[in-house]
Amino acid sequence: MPIVSTAKFLIRYAKNPAQVGAIAPSSPALARVMIRDVDFDRASTIVEFGPGTGAFTRAIVPRLKPSTKFVAIELNPAMARDLRKRFPSVIVHERSVTDAPQILAQEGVPDQGVDVVISGLPWAAFDDALQTAILESTVRILKPGGSLITFGYQVGLLTKKGRAFHQRAREYFSSASRSEWVWANLPPAGVFTFRK
């Protein structure tokens, strides 16, 4: 059963496709692949960019250790409100992820204090300037060796902005890898891990 009805999701997409970025919530199968390489036993701080309906949040929360700080940053007001109701234990900031360094400082996390950023952002919908701003914020908050884990649709990789993101991300990170395609997702998607 979807976290948010498909109709409600589509309405939010129609109102702001660049913010929502997908026609349907991410599947549990994609969520499993997104978090499978996260070392939950050792991570002290995990940040989620653009949690949207909470498909990845729902997979993350049960795996968190009591000592792990988990911060979600969601720009869409309705989605941020829904996340707070659904996951009352999660710290949700209703701001742009470009503000991540300031948000984490407010939460007592220093620069380069984050182990993993898990991102549900629609990179292929962003222009060059926004992609660059987000990547710079991400690199600033990640520890040396920390990871940005994100996903992309097969169709998104065919677009100019989608290709630009992957090329640009490789300029900010020391290594990059992709999972197998997750066919049990609409549309099919791959998980990309960029390591600082």
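What counts, and at which threshold
- Residues numbered from 1 in each chain as written.
- Predicted model: local features only at pLDDT ≥ 70, side-chain atom pairs only at ≥ 80, totals over all residues.
- Heavy atoms only, no water.
- Helix = DSSP H or I, 4+ residues; strand = E, 2+ residues; numbered from the N terminus.
- Buried < 20%, exposed > 50% of the residue type's maximum accessible area, 1.4 Å probe, protein only.
- Areas by Shrake-Rupley, 256 points an atom, 1.4 Å probe, with all protein chains shown as cover.
- Phe/Tyr/Trp six-rings, centres within 6.5 Å; stacked < 30°, edge-to-face > 60°.
- Salt bridge = Lys/Arg side-chain N within 4 Å of Asp/Glu carboxyl O.
- Contact = heavy atoms within 4.5 Å.
- Pairing = 2+ DSSP bridges.
- Axes fitted to C-alpha atoms, helices over the stretch in contact; angles between N-to-C directions.

On to the overall build of the protein, then. Counting its regular elements, the protein contains 8 helices and 7 strands. By residue count, 51% of the 196 residues in the protein fall in the buried class. Accessible area for the protein stands at about 9,300 Å²; split by element, carbon and sulfur atoms hold 55% of it.

For the coordinates displayed, the defined rule picks out 6 aromatic pairs. Between phenylalanine 173 and phenylalanine 194, the aromatic rings sit 5.8 Å apart at their centres with planes inclined by 40°, giving tilted as the arrangement. One end of the pair, phenylalanine 173, is in the loop between helix 8 (160–172) and strand 6 (175–178); the other, phenylalanine 194, is in strand 7 (residues 189–195), with 21 residues separating them in the sequence. For the pair shown, phenylalanine 173 and phenylalanine 194 are each scored as buried. Clustering of aromatic rings is evident, with ring pairs tying together Trp123, Phe126, Phe165, Phe173 and Phe194.

Enumeration according to the criterion identifies 7 salt bridges in this entry. The partner of glutamate 180 in a salt bridge is arginine 36, with the nearest N and O atoms 2.8 Å apart. Of this pair, glutamate 180 sits in the loop between strand 6 and strand 7 while arginine 36 sits in the loop between helix 3 (28–35) and strand 1 (45–49); the two residues are 144 residues apart in sequence, bridging distant segments of the chain. Overall, glutamate 180 belongs to the partly exposed group, its relative accessible area being 40%.

For the rest of this paragraph, the subject is helix 3. Most of helix 3 sits inside the fold, with 6 of its 8 residues counted as buried. Within helix 3, the full set of buried residues consists of Ala29, Leu30, Ala31, Val33, Met34 and Ile35. Along its buried surface, helix 3 packs onto helix 4 (55–60), strand 4 (114–119), strand 5 (142–153) and strand 7.

Next up on the list: the sheet that holds strand 4. In space, the 7 strands of this open sheet follow the order 3-2-1-4-5-7-6, with mixed pairing throughout. Of all strands in the sheet, those with a lone pairing partner are strand 3 (91–93) and strand 6, marking the two edges. Shown here is a sheet whose adjacent strand axes are inclined to one another by a mean of 20°, direction ignored. Summarising the sheet, strand 1 and strand 4 pair through 4 bridges and their orientation is parallel. Along strand 4, the bridge assignment pairs isoleucine 46 with valine 116.

Note on strand geometry: in a regular strand, side chains alternate between the two faces of the sheet. The element strand 5 is largely enclosed, with a buried count of 9 among its 12 residues. Direction of pairing for strand 4 relative to strand 5: parallel, over a ladder of 4 bridges. Within strand 5, the position partnered with valine 114 by the bridge is leucine 142. In terms of strand pairing, strand 5 meets strand 7 through 7 bridges, oriented antiparallel. Residue threonine 150 lies in a different strand from strand 7, and its bridge partner there is phenylalanine 192.

Nothing here speaks to function; it is geometry throughout.
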